[in-house]
Amino acid sequence: MSMLSKREFLVGAGATMALGVMSSKARAARHSHFDLIVVGGGNAGLPTAIFAAERGARVAIVEAAGILGGTLHLSSGQMSAAGTRLQRQRGIVDTPDLHYADVMRISKNTANPEILRLAVNAAAPAFDWLMDQGFKPIDAHPITGTTHEPYSQPRYVWGRNGGRDILEVLNRQLAPHRQSGRVTILTGHSAVELVQARGSGAVTGLVVRDPDNRKITLRARHVALTSGGYTANPQMFLKYEGARTHTRATYPFSQGIGLELGLAAGGYIRGGEHHTPLFGAVLADDQSPTAMRAMARHFPPERPPWEILVNAKGQRFLREDIPSHDAYEMALARLPDERCWFVFDETIRRQAPALLRGGFSGPWTEADTEQAFAEGAYGFHRATDLRTLAERAGIDTQGLLETVADYNRGRETGKDALGRMHLPTPIVTAPYYAITINSWNLLSYAGVAVDAQLRVIRRDGSPIPNLYAAGELLGMGTVMGNGMPGGMSVMPALSLGRLLGKELIAFA
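Keep in mind that this is a model prediction, so the values were computed, not measured.

Caption draft 1: Examining the overall build of the protein chain more closely. The helix and strand tally for the protein chain stands at 17 helices and 19 strands. Here the C-alpha atoms of the protein chain give a radius of gyration of 24 Å, agreeing with the 23 Å that 2.2 N^0.38 yields for 508 residues. Counting only residues that meet the buried cut, the protein chain has 59% of its 508 residues in that class. Across the protein chain, the fraction of contacts at a sequence separation of at least 24, relative to all contacts at a separation of at least 6, is 73%. Approximately 19700 Å² of the protein chain is accessible, and the part contributed by carbon and sulfur atoms is 50%.

Caption draft 2: Local environment of the environment of Leu206. Along the chain, Leu206 turns up in strand β7 (residues 203-209). The exposure class of Leu206 is buried, given its relative accessible area of 0%. With 168 residues separating them along the chain, Leu206 and Val38 place their C-alpha atoms 9.9 Å apart. Discounting residues that sit within four places of it in the chain, Leu206 has contacts with Ile37, Val39, Val62, Ala191, Glu193, Leu194, Val195, Ile216, Thr217, Leu218 and Leu261.

Caption draft 3: Highlighting helix α15 (residues 397-413). Between its terminal C-alpha atoms α15 stretches 25 Å, which fits the 24 Å expected from 17 residues at 1.5 Å a residue. Close packing links the buried residues of α15 with β12 (308-310), β13 (339-345) and α14 (386-393). If you check the start of α15, you find a side-chain oxygen 3.5 Å away from the backbone N of Gln398, and it comes from Asp396. In the segment just after α15, Gly414 is the residue with positive phi, at about 75 degrees.

Caption draft 4: Broad picture of the nonpolar core. One finds Ile37, Met79, Leu206, Val223, Leu467 and Leu496 to be the most contacted residues of the largest nonpolar core, which totals 103 residues. Looking at this core, the element that brings in the most residues is helix α7 (residues 113-132), giving eleven residues. Not counting the four nearest positions on each side in its chain, Met79 is found in contact with Phe127, Leu130, Phe135, Arg155, Tyr156, Val157, Ile166, Gly487, Val490, Met491 and Leu494. Listed in part, the 45 residues of the second largest apolar core include Ala327, Phe373, Ala377 and Ala390.

Caption draft 5: Highlighting the pairing of strand β6 (residues 190-196). As paired strands, β6 and β7 are joined by six bridges and run antiparallel to one another. Following the sheet pairing, Val195 is matched in β7 by Gly205. Counting the residues in the hairpin turn of β6 and β7 gives six residues, including Gly199, whose phi is positive at 90 degrees.

Caption draft 6: Expanded view of the pattern of salt bridges. Taken as a whole, this structure holds 24 salt bridges when the rule is applied. In this structure, Arg155 engages Asp102 in a salt bridge whose closest nitrogen and oxygen atoms are separated by 2.8 Å. With a gap of 53 residues between them, Arg155 in the loop between α7 and β4 (156-157) and Asp102 in helix α6 (residues 96-106) connect regions that are remote in the sequence. By the burial criterion, Arg155 is buried, and Asp102 matches it. Residues joined in a network through salt bridges with shared partners are Asp94, Asp102, Arg105 and Arg155.

The rules we used
Residues numbered from 1 in each chain as written. Predicted model: local features only at pLDDT ≥ 70, side-chain atom pairs only at ≥ 80, totals over all residues. Heavy atoms only, no water. Helix = DSSP H or I, 4+ residues; strand = E, 2+ residues; numbered from the N terminus. Rg over C-alpha atoms; globule rule 2.2 N^0.38 Å. Buried < 20%, exposed > 50% of the residue type's maximum accessible area, 1.4 Å probe, protein only. Contact = heavy atoms within 4.5 Å. Areas by Shrake-Rupley, 256 points an atom, 1.4 Å probe, with all protein chains shown as cover. Expected span 1.5 Å × (residues − 1). Polar contact = N/O pair within 3.5 Å; in protein donor to acceptor, adjacent residues only side chain to side chain. Core = buried A, V, L, I, M, F, W, Y, C linked by side-chain atoms within 4.5 Å. Pairing = 2+ DSSP bridges. Salt bridge = Lys/Arg side-chain N within 4 Å of Asp/Glu carboxyl O.

Encoded structure:
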């Protein structure tokens, strides 16, 4: 999907107003005390508000953007749930226990057992509810997976319009509560700080900054933090995950305010050690984060590799034809600055299927690749000999010379050093080429620590009274661990948000 700018989300406030949302001044004056304040109107916040309102709670949604929906505007909307009605209708036998076991396998047993169990148990009821309200999955779904590690059972689903199909349902379910005044929507309002009682630390409200830059204090019996992650905040990304985020490919309001609020209230952050990068970004320049010019096609079942991959020392670090995105991502995460190079020669350039495809900046063609090499664009290197190529690309010269020689020798003998089987042609024909490849990120792996009731907790495990959290704010390391199990970003946000509003927050 195309990347939307921060300005477009701000301009979206006009669309929100057109739906009948009151002006900020009128809203603030009319209600200043709520049963629940939801910080973030996205995939976790909207179901939290909807189900809390169904129970009779008066709710305020505080959203920094000019329109509700959060990352659902950009997301592919992939979900996984076990034991759904859709599965039963198609003769698929599946259970939350099998789902749990699969996620643990894919995450190398690094996901948080307590929160993962909560998420997989809540997934099927949430998915069935979504379908009851009009969500339509792609006809061939559910499936076991695509390019990441597959599930043991078909439980992976999304709609034709990605996350917007989910958002359409959520907006439709929110509408009557908004119209009745049960839910107050404060778009264009930024959360500033939580209000807490002295002594107990119990949360009693939230200070927000309105579009006119005025601070307003809202009182509430409970506050739910559902404001997403920090992938658009390079400093916070580096702090919590120990790696740079090289691209601007995420929701512009993913600034990590929820983590700051949770920390200031006495909570703590966990999960960043499970940082898992995506592979294949060709950057526009060296000013990280920057635009993604193109993406490398690196899934061997779709496009077997012709090139070799080397690190800064000129050494191969991965069997290029391994049919696993996870293997690529784990290998890239171990490299300095999560950077590597595809290296090839003129024969490969002429004969191989296209290596690059379009990124978030738009489509990409073979003509674009030719032009990038001709212009010497950032990340595109060409030379008449391997020594000069290494120097231009920033690769160790001797290492690259030895690696190419070893690869050619292994191809000739049929015994590649890394066990690679697809060996179509040697790298021997000048000119030689290298394309710099970096990691990119769509998810944040560190998040606010919660217990099995989704209460924000202190390091000693005690809950901060009246403060809850759900969604990406929990950190993808919590429900995905060190990996990317399919559908375990959107679905846990939706299902845990629903659970929070429907059951976990006590309004009596």
